[in-house]
Amino acid sequence: IRQLLDFARRREPRLGRFDARTLIRQAVSLLEPVAARRGVKLSAGALDQSRVVEFDGSQMMQVMINVISNAIQATPPNGQVTLGLVEGGEPPPETGLPQRAYVGIVVEDTGSGIADEQRKRIFEPFFTTKDTGEGTGLGLSVAQSIVRDHHGWIAVESELGKGSRFTIYLRS
């Protein structure tokens, strides 16, 4: 119900300038117990350099929860979900976003990966590959909508049997 309400009642982001490392550390701290219950290691990579980006703190935490939760669910026991930061990234032409400085928040898992035909649909509202009662198909759709409202985008790389990498690009 919460995801449906978030999807239906989106508000304009209240942008501020924040260090993306803080967002990552908070997300890891919040979701580490969930990962541990599934036997998955959740960690942040080397976050030695400050990366200041523009975002609404509560909305971006929702994005992090949705993306990381999916990664945890896709990762088998003894697998790993790692968060990190990357500089740059060119916006896909369909976003209409300008060329400028972007910072990417990376969520990478050692899960099963996403088949090409499913990857094309993962941001569609109500699309899910999970069993009945386990997912609404709104998490990634909500995440993408929020990131678009922040003038960013989410890039997805995945290989079956090797895992997935979601990169959330935001203006720096």
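Structural data are supplied above this passage.
Residues numbered from 1 in each chain as written. Predicted model: local features only at pLDDT ≥ 70, side-chain atom pairs only at ≥ 80, totals over all residues. Heavy atoms only, no water.

## Some points on the nonpolar core
Then step 1. The biggest cluster of nonpolar side chains holds 39 residues, and the ones touching the most others in it are Leu42, Met64, Ile68, Leu83, Ile105 and Ile168.
Then step 2. Broken down by secondary-structure element, the contributors of at least two residues to this core are α2 (20-37), β3 (52-55), α3 (57-74), β4 (80-87), β5 (102-109), α5 (139-149) and β7 (163-171).
Then step 3. Setting aside residues no more than four positions away along its own chain, Ile68 makes contact with Ala27, Leu31, Leu42, Leu83 and Val107. (Core = buried A, V, L, I, M, F, W, Y, C linked by side-chain atoms within 4.5 Å. Buried < 20%, exposed > 50% of the residue type's maximum accessible area, 1.4 Å probe, protein only. Helix = DSSP H or I, 4+ residues; strand = E, 2+ residues; numbered from the N terminus. Contact = heavy atoms within 4.5 Å.)

## A few points about the sheet that holds β5
Then step 1. The strand order across the open sheet formed by 5 strands is β2-β4-β5-β7-β6, and the pairing between neighbours is mixed. Two strands lie at the open edges of the sheet, namely β2 (41-44) and β6 (153-159), each paired on one side alone. Recorded for the sheet is a direction-independent mean angle of 15° between the axes of neighbouring strands.
Then step 2. Sheet topology places β5 next to β7; 7 bridges connect them, and they run antiparallel. Its bridge partner being in β7, Gly104 is matched across the sheet by Tyr169. (Pairing = 2+ DSSP bridges. Axes fitted to C-alpha atoms, helices over the stretch in contact; angles between N-to-C directions.)

## Notes on the packing of aromatic side chains
Then step 1. Within this structure, the stated rule accounts for 3 aromatic pairs.
Then step 2. Taking the centre distance of 4.9 Å and the plane angle of 40° together, the rings of Phe18 and Phe55 count as tilted. Residue Phe18 is located in strand β1 (residues 16-19), and its partner Phe55 is located in strand β3; the two are separated by 37 residues in the primary sequence.
Then step 3. Taking relative accessible area as the criterion, Phe18 reaches 38% and is therefore assigned partly exposed.
Then step 4. Its relative accessible area of 3% is what places Phe55 among the buried residues.
Then step 5. Centre to centre, the rings of Trp153 and Tyr169 are 4.5 Å apart; their planes meet at 15°, and the pair counts as stacked. On the criterion of sequence distance, the pair formed by Trp153 in strand β6 and Tyr169 in strand β7 is long-range, its members being 16 residues apart. Judged on exposure class, the residue Trp153 and its partner Tyr169 are both buried.
Then step 6. An aromatic cluster is present here, built from Tyr102, Trp153 and Tyr169 joined pairwise through their rings. (Phe/Tyr/Trp six-rings, centres within 6.5 Å; stacked < 30°, edge-to-face > 60°.)

## Considering the environment of Val40
Then step 1. Here Val40 shows up in the loop between α2 and β2.
Then step 2. Residues in contact with Val40, not counting those within four places in the same chain, are Ala35, Ile72, Thr75, Pro76, Gly79, Gln80 and Val81.

Keep in mind that these numbers describe shape and distance, not what the molecule does.
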